[in-house]
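In case you want the letters, here they are:
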Amino acid sequence: MLRILIATDCHLGYMEKDEIRRHDSFQAFEEICSIAEQKQVDFILLGGDLFHENKPSRSTLVKAIEILRRHCLNDRPIQFQVVSDQTVNFANSFGHVNYEDPHFNVGLPVFSIHGNHDDPAGVDNLSAVDILSACNLVNYFGKMVLEGSGVGQITLYPILIKRDERLNRMFQVYELSDSGYSYSHLGLVFSLALCYENQTPHAVQWMRPEAQEGCQVSDWFNILVLHQNRVKTNPKNAINEHFLPRFLDFIVWGHEHECLVDPKEVPGMGFHITQPGSSVATSLIDGESKPKHVLLLEIKGNQYRPTKIPLNSVRPFEYTEVVLKDEPDIDPNDQNSILEHLDKVVRNLIERANKTAIKKSELKLPLVRVKVDYSGFMTINPQRFGQKYVGKVANPQDILIFSKASRKGRSEDKINDSERLRPEELNQQNIEALVAESNLKMEILPVNDLDVALHNFVNKDDKMAFYSCLQYNLEETRNKIAGDPDVHKFEEEDIIVKVGECLEERVKERASKAKDGQDFTFSGQSSENVRNRSTEGVGTAASFSDDEDATIFSGSKSTRKGRKELSQSLRSSHDISDAGKTTGRGRGREEEEGEAGLPIH
């Protein structure tokens with residue numbers, strides 16, 4: 001039986017300059033690693049945003065490395081093998097899983113993808129997770145280079161994991177059931193679909209292992225680790241669950257911070273989704289106030305058993321909403337009555353937080369947020385209001401947030417909590433919207449390109465973003481003009497007209513890609529790369545295709561002892577029939593009882 005501890009969105013380094021909250025993210029991550037040791041899991045699986053910043057501080061990096069060294073480096077035997085081509089799975093200069101390095105004793109492997117906060121950037125396309133990978137502390141997978149693909153095609157190669165039966169017999173503590181399975185076959189399928197990328201149908205090719213003697217295709221338990229928007233309000237900026245292939249069994253969904261850790265089946269698709277949420281509150285909103293958990297996933301053959309585990313080190317967070325006009329004891333013309341009522345609300349929240357604290361000896365100052373609908377009332381100064389709560393709450397400066405009811409009559413009750421989870425994104429304005437509002441006409445650079453450059457400059461700290469945008473467009477224009485057979489006859493006025501025509505063509509091209517769900521990008525390039533690149537196009541964002549969209553691939557390489565005979569050749573998913581799948585895979589909601597008396601899904 002394989003035992004995996006699943007967590008997402010640890011956001012190490014969040015609020016690191018705040019004297020009260022600076023240690024919160026590290027304490028939660030330390031607890032996650034401690035739980036993994038206590039439960040004797042085979043490995044930890046992280047679903048992105050391990051770091052809060054694209055370029056974390058030295059202090060954050062040191063603390064992250066210290067935590068991983070304390071919990072991951074030991075003599076505990078590893079009881080599984082990675083049997084796929086590791087040079088394909090792990091994009092680093094070593095090309096193998098970290099516990100196989102003879103110079104390190106890794107007893108608790110960590111597998112992680114990146115997220116939108118710590119995604120690769122810069123000339124060398126490096127992420128902060130690459131630093132942990134180079135230190136041999138994390139197995140970083142799911143990283144791929146999109147630039148130059150032109151058509152947005154991505155091929156996903158799974159990490160194939162098999163339980164080592166010999167070690168299993170030697171060190172086994174207990175079994176889930178005596179169902180006759182000799183191995184647990186686990187396929188980890190990865191993706192680089194980030195939050196700001198759109199969906200391109202049939203753009204992803206899913207590679208699956210071929211059937212071999214003693215191991216059928218349906219024997220593999222397929223997990224997808226995903227870091228993407230799940231909110232349904234804007235389909236262009238979220239992944240549609242029905243775009244995912246039906247051969248998947250289990251999906252770990254990162255990026256969304258609300259803890260919905262209990263696996264839920266997607267109707268008509270057959271797979272289950274867990275959304276562990278963040279381990280530290282980064283937005284003072286209702287969804288983040290829910291109790292934080294991680295998930296222990298136990299897999300035996302084609303069956304799994306989930307166990308959610310609460311995180312006790314998380315700072316208490318109490319959230320409520322107040323509509324002033326609904327409160328009978330408030331006088332609209334008396335500010336003191338408003339203050340008295342809000343003081344009473346805050347005191348009750350603080351008392352509730354202290355009562356629900358799990359460890360009284362380690363009582364932390366709680367986070368408190370009161371969302372106040374002040375329609376028809378006057379506001380008060382939130383900073384001045386919070387001064388009296390210094391030393392009583394962790395966020396005295398922003399306890400209150402004021403809002404007004406929508407003029408369109410859209411009731412707050414009708415707003416799904418998930419829509420509230422990204423207020424910082426709702427407040428962002430892109431260049432395209434600004435240009436449209438001001439009724440401007442861009443004459444040199446396409447609006448979409450400037451949008452991408454602005455995103456890279458702000459979110460990835462790419463100081464070359466606008467230069468790369470300009471150079472790419474200049475090179476593209478030069479090449480198109482040079483390709484005109486009458487270029488030698490052009491006068492200066494002709495060139496100006498031609499430049500305008502090239503701009504119109506680029507705008508149409510970008511609009512067409514956006515309509516198809518493709519994103520234009522030129523991030524991660526130096527100015528020299530931009531000057532020298534061809535006109536074949538640049539990386540496009542990709543979403544997901546269904547089972548039938550893939551190309552044939554075979555022959556996984558292995559140079560490590562004992563792996564050669566186990567390495568799996570891969571082929572496209574459309575060559576494989578799922579007829580071997582049965583209801584024993586847990587596709588329905590029925591529960592079976594195992595030896596331990598726990599439900600098996």
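Fair warning: this is a prediction, and the values are worked out from it, not measured in the lab.

What about the pairing of strand β11 (residues 250-254)?
Burial analysis of β11 places 5 of its 5 residues in the buried class, the great majority of the element. Of the two faces of β11, the one holding F250, V252 and G254 and the one holding I251 and W253 are both buried throughout. Direction of pairing for strand β10 (residues 220-227) relative to β11: parallel, over a ladder of 5 bridges. Note on β11: the bridge partner recorded for V225 is V252. One ladder, built from 3 bridges, connects β11 with strand β13 (residues 272-275); its direction is parallel. When the bridges of β13 are listed, V252 appears paired with T274.

Some thoughts on the sheet that holds strand β18 (residues 400-403)
Spatially, the 3 strands line up as an open sheet ordered β16-β17-β18, and their pairing is parallel. Here the strands that pair on one side only, and so sit at the sheet edges, are β16 (317-323) and β18. If you compare each strand with its neighbour and ignore which way they point, the axes differ by 15° on average. Alignment of β16 against strand β17 (residues 367-373), held across 7 bridges, turns out to be parallel. From the neighbouring strand, Y319 faces β17, where its bridge partner is R369.

Concerning the packing of aromatic side chains
Tallied over the entire structure, the rule returns 11 aromatic pairs. Through a chain of ring-to-ring contacts, three or more aromatic side chains come together here, namely F43, F80, F90, Y99 and F111. Just above the ring of F247 sits the side chain of R208; from NZ or CZ to the centre is 4.0 Å.

Considerations on the pairing of strand β7 (residues 159-163)
Within β7, 5 of the 5 residues are buried, which leaves the element mostly enclosed by the surrounding structure. Of the two faces of β7, both are covered, the one formed by I159, I161 and R163 as well as the one formed by L160 and K162.

Some remarks on the sheet that holds strand β14 (residues 293-300)
If you trace the 6 strands from one edge of the open sheet to the other, you get β5-β4-β2-β1-β14-β15, paired in mixed fashion. The open sheet has two edge strands with one neighbour each: β5 (139-140) and β15 (303-310). Here 5 bridges tie strand β1 (residues 2-7) to β14, and the two strands are oriented antiparallel to one another. When the sheet's bridge partners are listed, R3 is paired in β14 with E298. Strands in contact with helix α1 (residues 24-38) are β1, β2 (43-46), β14 and β15; relative to β1, the strand with the most contacts, it is inclined by about 170°.

Regarding the state of the cysteines
One pass over the structure, following the stated rule, counts 0 disulfides. C33 supplies the cysteine sulfur nearest to C72, a cysteine that is in no disulfide, at a spacing of 5.4 Å.

Let's talk about the environment of D249
Among the structural elements, D249 can be located in the loop between β10 and β11. Residue D249 is classed as buried on the basis of its relative accessible area of 2%. Note: C-alpha distance between D249 and I273 (24 residues apart in sequence) is 8.8 Å. Only 2.7 Å separates the side chain of D249 from the backbone nitrogen of N222, close enough to count as a polar contact.

Things to note about unusual backbone geometry
One non-glycine residue, H11, adopts positive backbone phi at about 50°. For N136, which is not glycine, the phi dihedral falls at a positive 65°. Looking at the secondary structure, you find N136 in the loop between α4 (128-134) and β5.

Section: a nonpolar patch on the surface
Nonpolar side chains collect at one region of the surface, where F457, V458 and F466 lie side by side and expose about 270 Å² of accessible area between them. With respect to the element layout, F457 can be found in helix α10 (residues 447-459). Overall, the relative accessible area of 39% leaves F457 in the partly exposed class.

Things to note about helix α2 (residues 58-72)
The terminal C-alpha atoms of α2, which comprises 15 residues, lie 21 Å apart, in line with the 21 Å expected from a rise of 1.5 Å per residue. When α2 is considered as a whole, its buried residues turn out to be T60, L61, A64, I67, L68, H71 and C72. Looking straight down α2, one finds that the buried residues subtend no more than 130° of arc, so they occupy a single side. Opposite its buried face, α2 presents the exposed residues R58 and R69, each directed more than 90 degrees away. In this structure, the buried residues of α2 make contact with α1, β4 (110-112) and α4.

Conventions and cut-offs
Residues numbered from 1 in each chain as written. Predicted model: local features only at pLDDT ≥ 70, side-chain atom pairs only at ≥ 80, totals over all residues. Heavy atoms only, no water. Buried < 20%, exposed > 50% of the residue type's maximum accessible area, 1.4 Å probe, protein only. Helix = DSSP H or I, 4+ residues; strand = E, 2+ residues; numbered from the N terminus. Pairing = 2+ DSSP bridges. Axes fitted to C-alpha atoms, helices over the stretch in contact; angles between N-to-C directions. Phe/Tyr/Trp six-rings, centres within 6.5 Å; stacked < 30°, edge-to-face > 60°. Lys NZ or Arg CZ within 6 Å of the ring centre and 35° of its normal. Contact = heavy atoms within 4.5 Å. Disulfide = S-S within 2.5 Å. Polar contact = N/O pair within 3.5 Å; in protein donor to acceptor, adjacent residues only side chain to side chain. Patch = residues over 30% accessible without salt bridge, like charges linked within 9 Å, V, L, I, M, F, W, Y side chains within 5 Å. Areas by Shrake-Rupley, 256 points an atom, 1.4 Å probe, with all protein chains shown as cover. Salt bridge = Lys/Arg side-chain N within 4 Å of Asp/Glu carboxyl O. Expected span 1.5 Å × (residues − 1). Arc of directions from axis to C-beta.

It is worth stressing that arrangement in space is one thing and function is another; only the former is reported here.
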